Amino acid sequence: MFRGSITALVTPFKGGEVDEKALKQLVDWQIAEGSSGLVPVGTTGETPTLSHAEHERVVEIVVRQAAGRVKIIAGAGSNSTAEAVRLTRFAAQVGADAALVVTPYYNKPTQEGLYQHFKAVHDAAGIPIFIYNIPGRSIVDMTPETMGRLAKLPRIVGVKDATGKVERVSEQRLTCGEEFIQLSGEDASALGFNAHGGVGCISVTSNVAPRLCAEFQAATLRGDFAAARAIQDRLMPLHKALFVEPNPGGAKYALSLLGKIADEQRLPLVPVSPAAREQIRAAMVQAGLTNAVAA
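Residues numbered from 1 in each chain as written. Predicted model: local features only at pLDDT ≥ 70, side-chain atom pairs only at ≥ 80, totals over all residues. Heavy atoms only, no water.

## Description of the overall build of the protein
Helices and strands together make up the secondary structure of the protein, namely 13 helices and 10 strands. Over its C-alpha atoms the protein spans a radius of gyration of 18 Å, differing by no more than 12% from the 19 Å that the globule rule assigns to 295 residues. The burial tally for the protein puts 55% of its 295 residues in the buried class. Counting only contacts in the protein whose residues sit at least 6 apart along the sequence, the fraction spanning at least 24 positions is 71%. Computed over 30 positive and 29 negative side-chain charges, the inter-centroid distance for the protein is 2 Å. (Helix = DSSP H or I, 4+ residues; strand = E, 2+ residues; numbered from the N terminus. Rg over C-alpha atoms; globule rule 2.2 N^0.38 Å. Buried < 20%, exposed > 50% of the residue type's maximum accessible area, 1.4 Å probe, protein only. Contact = heavy atoms within 4.5 Å. Lys, Arg positive; Asp, Glu negative; His and termini not counted. Charge placed at Lys NZ, Arg CZ, Asp CG, Glu CD.)

So, in structure tokens, the structure goes:
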């Protein structure tokens, strides 16, 4: 089952290249800290600046390193349907448990275009597919009605909903059915999302605070919203601080404070500003990530 705290994993770089050693160590650390799944090469994994070979290599490393210990949902989206098909087939070939396919960005397809795009990916690949609805980046917003049409296809199993609209969970349950897996793609609203019936979060913050995020998700899923709110209060400043500047700059800086990776991105993304660094460091301290104090 795909549920709980699922980390939208950063892609570590060192000297301009993918840092494979750091990536493997991140996978092991995430699993040890309680994450229930990993998403390599999503937005947080900086896919726009990865070559196709790097994209595939990162997926393969994460699948092999996880070795079945947690679910792997491989990023496989593109605004080219043919490329999304190819990436999803590759994810299946190397043993990923599912693929995360974003709504096509820049092209601005109609709702029918969205349906046909996802149906083509579904028909070409033999693994479960999660729709990634993120209108803030892709411009287009898949309606609950279109999602309901797609949910009738056997391998369209769920959604990563990054609309920030918690009411979408209820709307999509009506069109997609109760078995459709709804995962939040927005850390700050994940509490309300699960209260509406969501079952987890594909999280950026869990890169930095995986144990707290796992405990938060576990609390919501057992219906202990008092415990979940207490963790939410610790994490909310971090949820906000990590997005003061474009993702994943905040997460990479925070991970560098924890000694996990280098604070390195690829242009056009640049390291976060001094002001953002101070905000992130303060939020980490409030969350109890005390390694940030001495860094």
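Picking up where we left off.
## With respect to helix H1 (residues 20–32)
For H1, which comprises 13 residues, the first-to-last C-alpha distance of 19 Å matches the rise-based estimate of 18 Å (1.5 Å per residue) to within 8%. Those residues of H1 lying buried are Ala22, Leu23, Leu26, Val27, Trp29, Gln30 and Ile31. Tucked into the core, H1 has its buried residues touching strand E1 (4–8), strand E4 (37–39), helix H2 (52–66), helix H9 (210–221) and helix H11 (249–257). Remark: glycine 34 follows H1 within two positions and exhibits a positive phi of approximately 105°. (Expected span 1.5 Å × (residues − 1).)

## What to know about unusual backbone geometry
A cis amide bond links asparagine 247 to the next residue, proline 248, at an omega of 10°. Looking at the secondary structure, you find proline 248 in the loop between helix H10 (225–241) and H11. The step from leucine 267 to proline 268 runs through a cis peptide bond, and the omega angle for that step is 15°. Its place among the elements puts proline 268 in the loop between H11 and helix H12 (274–287). A positive phi is found at alanine 67, a non-glycine position, where the angle reads about 50°. Mapped onto the elements, alanine 67 comes out in the loop between H2 and strand E5 (71–75). The residue lysine 108 is not glycine, and still its phi comes out positive at about 60°. Along the polypeptide, lysine 108 turns up in the loop between strand E6 (98–102) and helix H4 (111–124).

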